Amino acid sequence: MLHTYAIKITSLCIGKQWIDAEDRDWCIYTVEKWIMILLFFSATIIWMVGSGKYIETIATVGSFYAIRRRAGGYHAPHPWICLLTSATIVIASTTLFCSTISRLPCGVFWGLNLAAVTIAIIVRPEYPPQANFSASEKRENTKRKNILLFFLLVCQLIVSVIYDMNMIVVGIFVGINIATLTVIIEKITSTRRKIYNEKG
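A quick note: this is a predicted structure, and the numbers were derived from the prediction, not measured. (Residues numbered from 1 in each chain as written. Predicted model: local features only at pLDDT ≥ 70, side-chain atom pairs only at ≥ 80, totals over all residues. Heavy atoms only, no water.)

This part is about the packing of helix 2 (residues 24–51) against helix 3 (residues 54–71). One way to put it is that helix 2 packs onto helix 3 with a least axis distance of 9 Å and a crossing angle of 160°. One finds that helix 2 runs roughly antiparallel with respect to helix 3. Helix-helix and strand crossings are classified by hand; for helix 2 and helix 3 the assignment is right-handed. Here I37, F40, F41, T44, W47, M48 and V49 of helix 2 lie close against helix 3, whose contacting residues are Y54, T57, I58, V61 and Y65. (Axes fitted to C-alpha atoms, helices over the stretch in contact; angles between N-to-C directions. Helix = DSSP H or I, 4+ residues; strand = E, 2+ residues; numbered from the N terminus. Parallel < 35°, antiparallel > 145°, perpendicular 65-115°, else oblique. Left-handed = near helix turned anticlockwise from the far one by under 90°. Contact = heavy atoms within 4.5 Å.)

Rendered as structure tokens:
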């Protein structure tokens, strides 16, 4: 259903000559992406208000989304799977992961946190084929991703100095880890796709 709407909107854009016909696949992908973003954030707000977990949700989802915009990551084959997976991640992150990680000793947490940031810097962005980024755009996104990670680390340090280790610091940690995990999953998926295409 979502794909059908995206095709209709894309056909309208081509008909109005707002985009070239050769950019059809890119436009369908972009329209689907923005509809999914709207649905995702609507569901996130409903969860945040209903659960009362404002700080955990904003810190986790904010850091995750900011990194994902630059680093890419796994995209589910169907929109409903994407939305369901995203909702599950938000609920699990703000209830299970954040509360568990917040109980770790301070030294252990910061060791894990620095390791997570380092891994996130090392892991290069990975996008689905529809994204169609050029090599220069990928390089720019890598730079922006790393600057963003450094900024998030500085924010964690400032917040921890003022308020000690709290849910903002923990939420950012969880968001970084989930974003990095989705990039690694997309890398694996992309490699398997290439192997399959070569065999076919």
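More follows now that the structure is in view.
The next subject is the side chain of Q156. Mapping Q156 onto the fold places it in helix 6 (residues 135–163). A polar contact is formed between the side chain of Q156 and the backbone oxygen of V169, at a distance of 2.9 Å. When sequence neighbours within four positions are dropped, the list of residues in contact with Q156 reads F109, W110, N113, V169, I172 and F173. (Polar contact = N/O pair within 3.5 Å; in protein donor to acceptor, adjacent residues only side chain to side chain.)

With that settled, consider the packing of helix 4 (residues 79–101) against helix 7 (residues 167–199). Packed helices, taken two at a time, are described by the angle between their axes plus the distance between the axes. Axis separation between helix 4 and helix 7 bottoms out at 10 Å; the angle between their running directions is 125°. Between helix 4 and helix 7, the interaxial angle falls into the category oblique. Note that helix 4 runs across helix 7; the crossing there is right-handed. When helix 4 is examined against helix 7, the residues I89, S93, F97, C98, S99 and I101 are found in contact with a partner set consisting of M167, V170, G171, F173, V174 and I178.

Both the distance between ring centres and the angle between the ring planes are used here to describe each pair of aromatic rings. A complete count under the given rule lists 4 aromatic pairs for this structure. Ring geometry for F41 and Y65: centres 5.1 Å apart, planes at 85°, overall edge-to-face. One end of the pair, F41, is in helix 2; the other, Y65, is in helix 3, and 24 residues separate them in sequence. On the accessibility criterion, F41 (29% relative accessible area) is partly exposed. Since its relative accessible area comes to 22%, Y65 is described here as partly exposed. Aromatic pair F109 and W110: ring centres 5.4 Å apart, planes at 80°, arrangement edge-to-face. (Phe/Tyr/Trp six-rings, centres within 6.5 Å; stacked < 30°, edge-to-face > 60°. Buried < 20%, exposed > 50% of the residue type's maximum accessible area, 1.4 Å probe, protein only.)

Let us now look at helix 3. Along its 18 residues, helix 3 runs 25 Å from first to last C-alpha, staying within 8% of the 26 Å computed at 1.5 Å per residue. Buried within helix 3 we find E56, T57, A59, T60, V61, S63, F64, I67, R68 and A71. Next to the buried residues of helix 3 lie helix 2, helix 4, helix 6 and helix 7. Downstream of helix 3 by a residue or two, G72 has a phi angle that is positive, lying close to 75°. (Expected span 1.5 Å × (residues − 1).)

Before going further, it helps to spend a moment on helix 7. Look at helix 7: 48 Å from first C-alpha to last across 33 residues, which is about the 48 Å you get at 1.5 Å a residue. For helix 7, the N-terminal cap is N166; the gap from its side-chain oxygen to the backbone nitrogen of I168 is 3.0 Å.

Right, let's talk about the nonpolar core for a bit. Counting residues in each nonpolar core, the largest one holds 26 residues, and the members touching the most others are I67, F109, V174 and I176. Where this core is concerned, the elements lending two or more residues are helix 3, helix 4, helix 5 (106–122), helix 6 and helix 7. For I67, the residues in contact, after removing those within four places along its chain, are G72, K145, L148, L149, L152, I176 and A179. I19, C27, I28 and V31 belong to the second-largest nonpolar core, a separate cluster that totals 6 residues. (Core = buried A, V, L, I, M, F, W, Y, C linked by side-chain atoms within 4.5 Å.)

Any two side chains of opposite charge can pair, given that their charged atoms come close. One pass over the structure, following the stated rule, counts 3 salt bridges. Among the ionic pairs, R24 bridges to D25, the shortest N-O distance being 4.0 Å. (Salt bridge = Lys/Arg side-chain N within 4 Å of Asp/Glu carboxyl O.)

Bringing unusual backbone geometry into the picture now. The backbone phi angle of Q17 is positive, close to 60°, even though this residue is not glycine. Along the chain, the position of Q17 falls in the loop between helix 1 (2–15) and helix 2. Residue classification places Q17 among the exposed residues on the basis of a relative accessible area of 71%.

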